[in-house]
Amino acid sequence: MKSLFIGITFLVINTMSSCGKKSTSPSPAPNPNPNPVPFWDPNAMRGVWVTTTASTALDSRNNIKQMISNCKTAGINHVFIVVYNNGRTIFPSTVMQNLNGIRQLERFAGRDPLQECIEEGKAVGIKVHAWFEYGFAASFSANGGSIVAAKPDWAAKDINGRLVVKNGFDWLNGLHPEVQQFMIDLFKEVVSKYEVDGVQGDDRLPAMPPTGGYDPYTVNLYKSENGGAEPPPASNDAGWLRWRANKLNLFLKRLRTEVKTLKPSIQFTMSPSPHPFGYNEYLQDWPTWVDSAWVDAVIPQIYRYNITDYDNSLNQQRGFYRNPAVPFYPGVLVKSGSTIQSDALMSQFIQSNRNRGYKGEVFFFYEGLKDKLTWYQGLYPFIK
């Protein structure tokens, strides 16, 4: 009885004492996995494009160091550095000096940002690709710029003899042999001078708007191969589209051959517009490139602003992808102008990729990655 009384007394006192204390939250359970392992395939491409437009990432060695560091933090293992746009190269170029007298993009005079990117990338195990952004576009809203001024015959011409301009870009004739040789020389200059891991063309290489092809050289070539017939006046005529796309396909095959002859191990990738839009609007035929194994990877630009449109485009591209020996990596839009995708939408994009068996992707562009490092560190690695 005494022991019961003592027990009850202790319980009452202890209960009263507890009621008098301020309640506290229970301690969190220990994290059973404090260092989670990323789910991604270590061999898959996780890339980002680095631009000179709307970015200062390449404007100093310190900026490049920070860019590479941020990419490493974000889990990026491939960076695609713009080396050519708007009639300029970021590196000192003999090819450009001989063409238009402009050896290098003026803001980089006295430096070689491409070499700096290579050195910083190699130091942390990130592969560096040279991205020829403008491809067969000569300039932006500059009437062809310095290239067309130096080589008027290189201009793409419409049926009225005017320079081809589409979405502000002024176009070269990608079917002209001198234009093709210029681009091959530019690629080979980079591959021979720099220890780049890859080279890349995009939605402007190889490409040309279908309103082009009415210049004297192309007209005469078409006539010589078609019994003297003039090119169809309708720029979207199916046979006329096919004839020009085939010429660009042959250029791509030759470009690959010449680059691989210099450096067989280099990655030769293309990031075209989605098919068939890219074919109808820019004569880009990426399904043939992949079917023929002329590229080491294809990265269609699935740039969308909601998951429904993204899934629809991804499914469409999947239908044209027939050669699994060539990796397919979606191009994912992170930022455009002042628009930056939400964390939730980014996770949906990557989940869609993984659900379809795509183990990697390339992001446009670095400034968006820089703005979303928390997502890249905390969520991106664990989406499976």
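Please refer to the structure placed before this passage.
A quick note: this is a predicted structure, and the numbers were derived from the prediction, not measured.

Chemist: Just to check I follow, could you spell out the nonpolar core for this structure?
Modeler: Nonpolar side chains in soluble globular proteins tend to end up buried together. With 115 residues, the main nonpolar core has Leu58, Met67, Tyr84, Phe182, Val199 and Phe363 as its most contacted residues. Not counting chain neighbours up to four residues away, the residues in contact with Met67 comprise Val50, Ala57, Leu58, Ile81, Cys117 and Tyr366.

Chemist: Is there a simple way to think about the state of the cysteines in this case?
Modeler: Disulfide: a covalent bond connecting the sulfur atoms of a pair of cysteines. Following the criterion strictly, the structure yields zero disulfides and no others. Not part of a disulfide, Cys71 finds its nearest cysteine sulfur in Cys117, a span of 9.5 Å.

Chemist: Explain unusual backbone geometry to me, please; I cannot follow it from the model alone.
Modeler: Trans peptide bonds make up the majority, and among non-glycine residues the majority have a negative phi. Note that the residue after Leu205, namely Pro206, is joined by a cis bond; omega there is -15°. Along the chain, the position of Pro206 falls in the loop between β9 (198–201) and α7 (216–225). With omega at 5°, the peptide bond leading from His275 into Pro276 counts as cis. With respect to the element layout, Pro276 can be found in the loop between β10 (267–270) and α9 (277–282). A positive phi is found at Asn167, a non-glycine position, where the angle reads about 55°. For Asn167, the location among the structural elements is in the loop between β7 (165–166) and β8 (169–171). Look at Leu283: it is not a glycine, yet its phi comes out positive at around 60°. With respect to the secondary-structure elements, Leu283 resides in the loop between α9 and α10 (286–291). A relative accessible area of 0% means that Leu283 is categorised as buried.

Chemist: Looking at this structure, I do not really get the pattern of salt bridges. What am I missing?
Modeler: As a working rule, side chains carrying opposite charge can pair if their charged atoms are close by. Using the criterion set out here, one finds 23 salt bridges in the structure. Arg242 is paired through a salt bridge with Asp285; the nearest N and O atoms lie 2.8 Å apart. Pair noted here: Arg242 is in helix α8 (residues 238–262) and Asp285 is in the loop between α9 and α10, with a separation of 43 residues, a long-range link. We classify Arg242 as partly exposed; its relative accessible area is 30%. Residues Lys260 and Asp296 are paired through a salt bridge, measuring 2.8 Å at the closest nitrogen-oxygen approach. Highlighted residues: Lys260 in helix α8 and Asp296 in the loop between α10 and β11 (297–298), separated in sequence by 36 residues.

Chemist: Would you take a moment to explain the pairing of strand β16 (residues 361–364) for this structure?
Modeler: Looking along a regular strand, one sees side chains alternate from face to face of the sheet. As judged from the three bridges shared by strand β1 (residues 46–50) and β16, these two strands associate in the parallel manner. In the strand pairing of β16, Gly47 is matched with Val362. One ladder, built from three bridges, connects strand β13 (residues 331–333) with β16; its direction is parallel. Residue pairing for β16: Val332 is matched across the bridge by Phe363.

Chemist: Explanation requested: the side chain of Asp202 in the structure shown.
Modeler: The topology assignment puts Asp202 in the loop between β9 and α7. Buried charged residue Asp202 carries no salt bridge. Nearest counter-charge: Arg204, at 4.4 Å. Filtering out sequence-adjacent residues up to four positions away, Asp202 remains in contact with Trp131, Phe132, Glu133, Ser271, Pro272, Gln284 and Gln301.

Chemist: Mind showing me how you'd approach helix α4 (residues 113–124) here?
Modeler: Along an α-helix, a turn takes 3.6 residues, which lines up residues three or four apart on a common side. Compared with an ideal rise of 1.5 Å per residue, which puts 12 residues at 16 Å, α4 spans 17 Å between its outermost C-alpha atoms and is within 8% of the ideal. The set of residues buried in α4 consists of Pro113, Leu114, Glu116, Cys117, Ile118, Glu120 and Gly121. Buried residues belonging to α4 abut α2 (61–73), β2 (78–82), β5 (127–131) and α6 (177–193). Positioned one or two residues after α4, Gly125 has a phi angle of 80°, which is positive.

Chemist: For this particular structure, what's the right way to read the sheet that holds β11?
Modeler: Remark on secondary structure: sheet strands pair via backbone hydrogen bonds, oriented parallel or antiparallel. With parallel pairing, the nine strands of this open sheet are ordered in space as β11-β10-β9-β5-β2-β1-β16-β13-β12. Each edge of the open sheet is held by one strand with a lone partner, namely β11 and β12 (301–302). Sheet topology note: the β10/β11 ladder contains two bridges and is parallel. Paired with Thr269 across the two strands is Ala297, which belongs to β11.

Chemist: Can you walk me through the packing of α6 against α8 in this structure?
Modeler: Two quantities define a packed helix pair, namely the angle between the axes and the distance from one axis to the other. At a minimum axis separation of 10 Å, α6 and α8 run at an interaxial angle of 25°. Relative to α8, the element α6 lies roughly parallel. Between α6 and α8 lies a crossing whose hand is right-handed. Each of Gln180, Gln181, Met183, Ile184, Phe187, Lys188, Val191 and Ser192 in α6 lies in contact with α8, whose residues at this interface are Lys247, Phe251, Arg254, Leu255, Glu258, Val259 and Leu262.

Conventions and cut-offs
- Residues numbered from 1 in each chain as written.
- Predicted model: local features only at pLDDT ≥ 70, side-chain atom pairs only at ≥ 80, totals over all residues.
- Heavy atoms only, no water.
- Core = buried A, V, L, I, M, F, W, Y, C linked by side-chain atoms within 4.5 Å.
- Buried < 20%, exposed > 50% of the residue type's maximum accessible area, 1.4 Å probe, protein only.
- Contact = heavy atoms within 4.5 Å.
- Disulfide = S-S within 2.5 Å.
- Helix = DSSP H or I, 4+ residues; strand = E, 2+ residues; numbered from the N terminus.
- Salt bridge = Lys/Arg side-chain N within 4 Å of Asp/Glu carboxyl O.
- Pairing = 2+ DSSP bridges.
- Lys, Arg positive; Asp, Glu negative; His and termini not counted.
- Expected span 1.5 Å × (residues − 1).
- Axes fitted to C-alpha atoms, helices over the stretch in contact; angles between N-to-C directions.
- Parallel < 35°, antiparallel > 145°, perpendicular 65-115°, else oblique.
- Left-handed = near helix turned anticlockwise from the far one by under 90°.

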